[in-house]
Amino acid sequence: MKWISDLIDIIFPRSCAVCGKTLSGGEKELCLNCLMELPRTGAYIADNEMEKQFYGILAIERAASYISYSKGSPYNNLIHRIKYDDRPESGTRMAAAAATELMQEGFFERIDVIIPLPLSKKKKRQRGYNQCDYIAKGISSVTGIAIDTKSVIRHIANETQTHKRRDERWENVQGIFSVINPDALNNKHVLLVDDVLTTGATIASCGNAILAGATNVKLSIFTLARAGKSI
C-alpha cells in the first residue's frame, strides 16, 4: 500500500543516483533536474558512430546506446549503482526508458530474441547477479521480445577489463564465449545487450561467437551507455 511506501521513504530516504538529492514520491533513480540533463545519445540513426566502431570487427545490423559515458561525469554513478551496488533493478528501469524511446525509431523491428552478455559462473556468484539480465528485462518489458540466457555462455572467467590497455582488452576476451544451443538461434535476429561499450572488445568476442556458432544469424547491439561521444 502507498502509506507503507511513503513510510519506507521517510525511514530510508531514496536519493538521486547523480546528485544525491532526496527523491520525491514520484521520482525514481534521478531527480527531475538530473533527468532533464541526462546525457542521451539522441535519436537512433543508421551508420552512427557506435555502429562504425564495429566496422571490420563484427558484422551487425544496427547498434545504439542510451547515454554517453564520460570520465568524471556524475552520471557514471547510474552504471556503478547497477553494476556494483546491488541495485540491478535500476538497470531494468533505465533500459525500459531507453526501449520506449528507441521503439519510436524502429530500432527493435524484426529482432527475434535478446541475449544479455553472459557473465562467467565465478563472476556471477561473486556479484550475485548479471546486470545485463536486468537490462534485458527492461527492454523485453517494453518490446515483448523474448530473452535467452541459456544458449550462449562465457566458459572462461577472464580477468576484468577495467585497468587494461586497449590491446590487452582485445587479447583478454579472445575465445571466452561459446554457443551451446545453436538451434535456438538459427535463422534469428539477435539483440546482444551489455551495460557499457568502451573498446567493443567483449561485445565483439561474444557477437562473433554467436555468428560462428549458429546458422544464418543476424546481430544487433544495445548498451545502456557508451564511452566517449554520443552516437
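Placed above this text is the structure.
Residues numbered from 1 in each chain as written. Predicted model: local features only at pLDDT ≥ 70, side-chain atom pairs only at ≥ 80, totals over all residues. Heavy atoms only, no water.

Student: Provide a residue-level description of the packing of aromatic side chains, including the pertinent values.
Tutor: Applying the stated criterion across every chain, the model contains 3 aromatic pairs. Geometrically, the ring pair formed by Tyr44 and Phe107 is edge-to-face, given 5.2 Å between the ring centres and 70 degrees between the ring planes. With Tyr44 in the loop between α2 (32-36) and α3 (49-52) and Phe107 in the loop between α5 (89-103) and β2 (113-116), the pair connects residues that are 63 residues apart, well separated along the chain. Between Tyr129 and Tyr134, the ring centres sit 6.0 Å apart and the planes meet at 80 degrees, which makes this aromatic pair edge-to-face. Here Tyr134 falls in the partly exposed class, since its relative accessible area comes to 25%. A cation over an aromatic ring shows up here: Lys137 above the ring of Tyr134, its NZ or CZ 4.4 Å from the ring centre. (Phe/Tyr/Trp six-rings, centres within 6.5 Å; stacked < 30°, edge-to-face > 60°. Helix = DSSP H or I, 4+ residues; strand = E, 2+ residues; numbered from the N terminus. Buried < 20%, exposed > 50% of the residue type's maximum accessible area, 1.4 Å probe, protein only. Lys NZ or Arg CZ within 6 Å of the ring centre and 35° of its normal.)

Student: Break down the pairing of strand β1 (residues 63-69) for me, with residues and values.
Tutor: Among the 7 residues that make up β1, 6 are buried, leaving the element largely enclosed by the rest of the structure. Pairing of β1 with strand β7 (residues 218-227) involves 6 bridges; the strand directions are parallel. Following the sheet pairing, Ala63 is matched in β7 by Ile221. (Pairing = 2+ DSSP bridges.)

Student: Go over the nonpolar core with me, naming the residues and quoting the values.
Tutor: Grouped together as the largest cluster of nonpolar side chains are 35 residues, with contacts concentrated most on Leu78, Phe108, Ile139, Leu191 and Phe222. For Leu78, the residues in contact, after removing those within four places along its chain, are Ala17, Val18, Leu30, Leu38, Ile67 and Met94. Listed in part, the 27 residues of the second largest apolar core include Val113, Ala204, Ala214 and Ile221. (Core = buried A, V, L, I, M, F, W, Y, C linked by side-chain atoms within 4.5 Å. Contact = heavy atoms within 4.5 Å.)

Student: Now, about the sheet that holds β2: what can you tell me, with residues and values included?
Tutor: Read across the sheet, 5 strands follow the order β1-β7-β6-β2-β3 without closing on themselves; strand pairing throughout is parallel. In this open sheet, the two edge strands, each paired with only one partner strand, are β1 and β3 (146-147). Where β2 lies against strand β6 (residues 189-197), 4 bridges are found, and the strand directions are parallel. If you follow Pro116 over to β6, its bridge partner there is Val193. In this fold helix α9 (residues 201-213) packs onto β2, β6 and β7, with an angle of close to 165 degrees to the strand it touches most, β6. (Axes fitted to C-alpha atoms, helices over the stretch in contact; angles between N-to-C directions.)

Student: I'd like a description of the pairing of β7, backed by residues and values.
Tutor: For β7, the tally of buried residues reaches 8 of 10 residues, placing the bulk of the element in the interior. Note: β6 against β7, 8 bridges, orientation parallel. Bridge pairing links Asp194 to Thr223 in β7.

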